[in-house]
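Coordinate inspection notes
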Amino acid sequence: MRGETNIKISSITLLYWSIGKRINQEVLNFNRAEYGKQVVATLSAQLTDAYGKGWSEKQLLHCIRIAEIFPDKPIVYTLCRQLSWSHLRLLMYMDDAFKREFYIQMCKIEHWSFRTFRERVQSMLYERTAISKKPEVTIQNDLESLKTEDKVSPDLVFRDPYFLDFLGLADTYSEKDLETSIIVELQRFIAEMGSDFAFLARQKRITIDNRDYYIDLLFYHRRLKCLIAIDLKIGEFEAGFKGQMELYLRYLAKYEQVEGENTPIGLILCTGKNEEHVELLQLDKSNIRIAEYLTGLPPQKLLREKLHKAVEIAQQRLSQR
């Protein structure tokens, strides 16, 4: 029954695409000016008289749009077997092709419902993901590897900032409060991190020269095939955090990493960071990621401005190299 439903949905989506393509080519001649609006209004009235509801001007514009964004039928056929019309309708109004492809692949990999997909877009997931701040060639190559080889790069996994508003923390809290709240809301924490994160341990004890150290949270990432050590910090990032995480990662690589796994990655979560500190410490060479976390959701406008500024700074630094 479910298979029949999927086939029906795919057929409807292909119908919409076919109608949009035909209107664009044979009626509008790819003209979307004032004349085009009048034609769409007339077609809407004619189709509604002939077939009933469901052919409003808005719906016809959706049909035209999907044919413009996805002009090749084989691609549309593949997409509509994996994603619903609601998914595609949200995707086709994204002007950034890389952003669109990112969400297509993430929807397929993480099996997002439309509601989840919409929430991820509203939270500006793509803009928060490290890949959005990379050169276009890197973005294209990483997305192609994800699409054709199901291969995920760290830049597609890690985000900045992370939204931890669901933890319900008060205005003042300790690192222990933060860690405990994450464990209590582990399922929602993993949803924010990404579905391939698998929880392994809390306060993972490691002993070096008869001295005990504790890794706040230890995860395993299925697609990256490596251990992820997470260090939780209250306050802004400090240079000393790097040495501590490097110690954790070298211990994990020596004693915990098994054959076939990749080198462990460290993630330091803090409430703020100085970009110049991060750049000078060359943390990427140590396999360490730094990200801010927010215990309350900022206004959408402020978040958008902050993320766009971060992308601009990253691009400026890349151009100076």
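Quick look at the overall build of the chain
Across its full length, the chain carries 15 helices and 6 strands. If you line up the chain on its principal axes, its C-alpha atoms span 80 × 45 × 40 Å. By residue count, 45% of the 321 residues in the chain fall in the buried class. For the chain, contacts bridging at least 24 residues in sequence account for 62% of all contacts bridging at least 6. Summed over all atoms, the accessible surface of the chain reaches about 17900 Å², with 48% contributed by carbon and sulfur. When the 46 positive and 45 negative side-chain charges of the chain are each reduced to one mean point, those points stand 4 Å apart.

Some remarks on the packing of aromatic side chains
Within this structure, the stated rule accounts for 12 aromatic pairs. Where Phe102 meets Tyr126, the ring centres are 5.2 Å apart and the plane angle is 55°; that geometry is what we call tilted. With a gap of 24 residues between them, Phe102 in helix H6 (residues 97-110) and Tyr126 in helix H8 (residues 125-128) connect regions that are remote in the sequence. The rings of Phe102, Tyr103, Trp112, Phe117 and Tyr126 are connected pair by pair, giving a single aromatic cluster. Over the aromatic face of Phe163 sits the side chain of Arg128, whose NZ or CZ is 4.2 Å from the ring centroid.

A word on the pattern of salt bridges
By the definition in use, this model includes 15 salt bridges. Taking the shortest distance from any N to any O, the salt bridge between Lys242 and Glu246 comes out at 3.8 Å. Of this pair, Lys242 and Glu246 both sit in helix H13 (residues 240-256), 4 residues apart, which is roughly one turn of that helix. Of the charged contacts, one joins Lys273 and Glu292 as a salt bridge, the two residues approaching to 3.7 Å between their closest N and O atoms. Note that Lys273 is positioned in the loop between strand E5 (265-270) and helix H14 (275-281) and Glu292 in strand E6 (residues 288-294), a separation of 19 residues in sequence. The pair Lys273 / Glu292 is uniform in exposure class, with both members buried. Within this structure, Asp150, Asp196, Arg222 and Arg223 form a network of salt bridges that share partners.

A short note on the packing of H6 against helix H9 (residues 136-149)
Interhelical geometry of H6 versus H9 gives an angle of 25° and a closest axis separation of 10 Å. Relative to H9, the element H6 is oriented roughly parallel. Both H6 and H9 take part in a crossing whose hand is left-handed. Residues Phe98, Glu101, Phe102, Gln105 and Ile109 of H6 pack against Glu136, Ile139, Gln140, Leu143, Leu146 and Lys147 of H9. For the contact of H6 with H9, the class distribution of residues is 6 nonpolar, 2 polar and 3 charged.

So, the nonpolar core
Core analysis: the largest hydrophobic core is formed by 69 residues, its most contacted members being Tyr103, Phe158, Leu178, Phe189, Phe219 and Ile230. Those residues in contact with Phe158 that lie beyond four places of it in its chain are Arg128, Thr129, Ala130, Phe197, Leu224, Ile228, Ile265, Leu267 and Arg289. Counting residues in each nonpolar core, the second largest holds 20 residues, with Leu218, Leu249, Cys270 and Val278 among its members.

What to know about the side chain of Asp231
One can find Asp231 in strand E4 (residues 226-232). Side-chain polar atoms of Asp231 contact the side chain of Lys233, separated by 3.5 Å. In this structure, Asp231 is in contact with Asp216, Gln244, Met245, Tyr248, Leu267, Ile268 and Leu269, ignoring residues within four places of it in sequence.

Quick notes on the rules
Residues numbered from 1 in each chain as written. Predicted model: local features only at pLDDT ≥ 70, side-chain atom pairs only at ≥ 80, totals over all residues. Heavy atoms only, no water. Helix = DSSP H or I, 4+ residues; strand = E, 2+ residues; numbered from the N terminus. Buried < 20%, exposed > 50% of the residue type's maximum accessible area, 1.4 Å probe, protein only. Contact = heavy atoms within 4.5 Å. Areas by Shrake-Rupley, 256 points an atom, 1.4 Å probe, with all protein chains shown as cover. Lys, Arg positive; Asp, Glu negative; His and termini not counted. Charge placed at Lys NZ, Arg CZ, Asp CG, Glu CD. Phe/Tyr/Trp six-rings, centres within 6.5 Å; stacked < 30°, edge-to-face > 60°. Lys NZ or Arg CZ within 6 Å of the ring centre and 35° of its normal. Salt bridge = Lys/Arg side-chain N within 4 Å of Asp/Glu carboxyl O. Axes fitted to C-alpha atoms, helices over the stretch in contact; angles between N-to-C directions. Parallel < 35°, antiparallel > 145°, perpendicular 65-115°, else oblique. Left-handed = near helix turned anticlockwise from the far one by under 90°. Nonpolar A, V, L, I, M, F, W, Y, C, P; charged D, E, K, R; others polar. Core = buried A, V, L, I, M, F, W, Y, C linked by side-chain atoms within 4.5 Å. Polar contact = N/O pair within 3.5 Å; in protein donor to acceptor, adjacent residues only side chain to side chain.

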